[in-house]
Amino acid sequence: MAVVEPPRTRVYGTHEVLNQAPPLEGGNLYARNRPLVEAVHREGGAWAESRLMELGEVVGGEPREWGTLANTTPPILRTHDRYGNRIDEVEFHPSWHELMKIAVGYGTHSLPWREPGPGAHVARAALFITYSLAEGGTGCPISMTYSAVPALRAQPELAAEWEPHLTSNEYDPRLVPVSEKAGALAGMAMTEKQGGSDVRANTTVARPLNGGGPGAEYEVTGHKWFCSAPMCDVFLVLAQAEGGLSCFLLPRVLPDGSRNRFHLQRLKDKLGNRSNASSEVEFRAAWARMVGEEGRGVPTIIEMVNHTRLDCTTGSATGMRAGVAQATWHAAHRSAFGKLLIEQPLMQNVLADLCVESEAATIAAMRLARAYDEVAAGDEQAALFRRLANATLKYWTCKRAPWHAVECLECFGGNGFVEESGMPRLYREAPLSSIWEGSGNVQCLDVLRAMVKSPEALEALFAEVDEGAAAEPRLAEFSADLRRDLGSDAETMQTRARRLVERMALALQGSLLVRHGDEAVADAFCASRLSGDWGQAFGTLPPGVDFARIIERHRPAA
Ligand SMILES: Cc1cc2nc3c(=O)[nH]c(=O)nc-3n(C[C@H](O)[C@H](O)[C@H](O)COP(=O)(O)OP(=O)(O)OC[C@H]3O[C@@H](n4cnc5c(N)ncnc54)[C@H](O)[C@@H]3O)c2cc1C
């Protein structure tokens, strides 16, 4: 019998992978973030260096993969159990819990309260940035827990009960009474359907159970349109009491172990921040206790918002750092037209411009963090500086983040548009910080309000700007123009608020870069952002900038 040979398969070699950048994996995410390391040392957080180095090493590994998993497998709402009982629970992918364990374990929510002292907020901000390079969504409950503590101190007996749990470095996700918990987390619920910026429009009501007043028990009834991280153990909530809008502490589980009447209606289907659950919630005569004075709900909860706003700024700086690390890495490995992208003059301009923005954001965020340490030490000048710098930097840093993310994404070409690259996640996350804790316009109006109420705050900001202006004529000229415009035409102030606040932020960033930043970065910043030798997109720095030096400073080493 004749043997029939099988037909030969011709190998065409269509799948040889060439000229693709290797993934950026491993490495110490803290150590390689040079502007951050320098800022930690300069601003008083050097004592936390070994902790930061350790966290940097940890998050450079497996947590990055967990971040992907937590975002591609979003949380699921379970309103009822199999028997029809309300449970109001959210189920997360195990990777979420792993990430939370790390964040809590390193004290990214607790450090300044457990170890108060010089540099504590600086060290904590650096932990937050380093940790968030692996994943952004978990930053929400972390930031809210960090920020709830100072607000809660308005009611010392409630602080005494909750603070030891909120500042514990053990992650305990169980919904059980706080007395049984190894550690607890806090959230906030202010926003309602009819108004988020204007919380005075809140319709949620609080009825006293035993006479009412600070620390007393109430029943809270109403809805909240946004309530993130609803598996937190306790929430600071705004509701109308008889004497006006007041702040309440509302736990998920009552002291007797039963669930509070905290009913989750839906989870939001969000653009980004998908690992994190953001819910709509109804309180049906939920048990709560008043925090601070009746009718003083906004000033009480503002103490929390002041801290979460800092994290919006550091969070946006983190997104920029993540984008710059990825974009410079990719460009150093991908060739086009016979040369690596990183060697092409126009791509160098894009990358350097992105690096300049990232360094400006980091350096300013860390200076702002130092103001929190100074305020804690009783420095009144720092309180004035922080009052204005917080809203100013939150506005501008968060505004720049989406532009920055999209340009980092484009450095990858088509790969950047594909989920596997991680760049779409970075891009979707970028607009969020500008919205929550007071969106862009609200920040600008807050700056105007602060300038009217305490003109000394503006002087404190300019005192910082002037320190750089003395050494850099371009900054001096920019600052003088800005002062003139701030003092002119009071009637159009609101219309011009974005322009003014943007320039205040640029002046502050410029001053910090001139004094403490890399020389080439500072020079590029002054030429472009302050002197206007710049286009309307990234990649429009003038010739003469030391592109290679700037990129090298920010590029992760092989
Ligand atoms: C993912 C996510 C999670 C959130 N989590 C929480 C949470 O946990 N708890 C919570 O309480 N809230 C949360 N929020 C709500 C968030 O804080 C609000 O969305 C935000 O404060 C804006 O409020 P709003 O949506 O009602 O918009 P609006 O207040 O209606 O504002 C709409 C627009 O108008 C602008 N605007 C408002 N007033 C003025 C004015 N006087 N002049 C000019 N412009 C103005 C704003 O800047 C904004 O651009 C979350 C939001 C998101 C997106």
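Structure: above.
Residues numbered from 1 in each chain as written. Predicted model: local features only at pLDDT ≥ 70, side-chain atom pairs only at ≥ 80, totals over all residues. Heavy atoms only, no water.

Peer 1: Describe the packing of aromatic side chains, and please don't skip the residues or the numbers.
Peer 2: Under the counting rule described, the total for this entry stands at six aromatic pairs. Residues Tyr218 and Phe248 carry aromatic rings whose centres are separated by 4.9 Å and whose planes lie at 65 degrees to one another, so their mutual orientation is edge-to-face. Here Phe248 lies in strand β7 (residues 244-251) and Tyr218 lies in strand β5 (residues 217-228), a separation of 30 residues in the sequence. For the pair Tyr218 and Phe248, one class covers both residues: buried. Both rings, one in Tyr395 and one in Trp396, keep their centres 6.4 Å apart while their planes meet at 35 degrees; by these two values the pair is tilted. Since its relative accessible area comes to 8%, Trp396 is described here as buried. Taken together, the ring pairs in this structure connect Phe235, Phe262 and Phe283 into an aromatic cluster. (Phe/Tyr/Trp six-rings, centres within 6.5 Å; stacked < 30°, edge-to-face > 60°. Helix = DSSP H or I, 4+ residues; strand = E, 2+ residues; numbered from the N terminus. Buried < 20%, exposed > 50% of the residue type's maximum accessible area, 1.4 Å probe, protein only.)

Peer 1: An account of the pattern of salt bridges is requested, with residue identities and associated values reported.
Peer 2: Think of it this way: side chains of opposite charge can pair up when their charged atoms draw near. Tallied over the entire structure, the rule returns 40 salt bridges. Linking Arg259 and Glu89 is a salt bridge whose minimum nitrogen-to-oxygen distance equals 2.9 Å. Of this pair, Arg259 sits in the loop between β7 and β8 (262-267) while Glu89 sits in strand β2 (residues 86-91); the two residues are 170 residues apart in sequence, bridging distant segments of the chain. Owing to a relative accessible area of 31%, Arg259 belongs among the partly exposed residues under this scheme. (Salt bridge = Lys/Arg side-chain N within 4 Å of Asp/Glu carboxyl O.)

Peer 1: Lay out helix α3 (residues 63-72) in plain terms, naming residues and giving numbers.
Peer 2: For α3, every residue scored as buried is listed here: Pro63, Arg64, Trp66, Gly67, Ala70 and Asn71. Down the axis, α3 shows its buried residues gathered within 155 degrees of arc, on one side only. Buried residues belonging to α3 abut α2 (49-59), α4 (94-105) and α12 (423-429). (Arc of directions from axis to C-beta. Contact = heavy atoms within 4.5 Å.)

Peer 1: Give me the lowdown on helix α6 (residues 120-132), citing residues and values where you can.
Peer 2: For α6, spanning 13 residues, the distance from its first C-alpha to its last is 18 Å, which sits close to the expected 18 Å at 1.5 Å a residue. Of all 13 residues in α6, 13 are buried; the element is thus mostly enclosed. (Expected span 1.5 Å × (residues − 1).)

Peer 1: Summarise the environment of Tyr171; cite the residues concerned and give the values.
Peer 2: Here Tyr171 shows up in the loop between α8 (156-166) and β3 (186-189). Linking Tyr171 and Arg515, residues 344 residues apart in sequence, is a C-alpha distance of 40 Å. Excluding residues within four positions of it along the chain, Tyr171 makes contact with Trp96, His97, Met100, Lys101, Val104 and Leu185. Only 2.8 Å separates the side chain of Tyr171 from the side chain of His97, close enough to count as a polar contact. (Polar contact = N/O pair within 3.5 Å; in protein donor to acceptor, adjacent residues only side chain to side chain.)

Peer 1: Pulling in residues and values, what's your account of the site of the ligand?
Peer 2: Around the ligand lies a shell of 20 residues, among which Met190, Thr191, Gly196, Ser197 and Ser228 are the nearest. Met190 is positioned such that a nitrogen or oxygen atom in its backbone is 2.7 Å from an oxygen atom of the ligand. One of the backbone N or O atoms of Phe226 is found 3.3 Å from a nitrogen atom in the ligand. Elements with a minimum of two residues in the shell around the ligand: β3, β5, α13 (432-435) and α14 (440-453). Residue composition of the shell around the ligand, by class: 10 nonpolar, eight polar and two charged. (Near = heavy atom within 4 Å. Nonpolar A, V, L, I, M, F, W, Y, C, P; charged D, E, K, R; others polar.)

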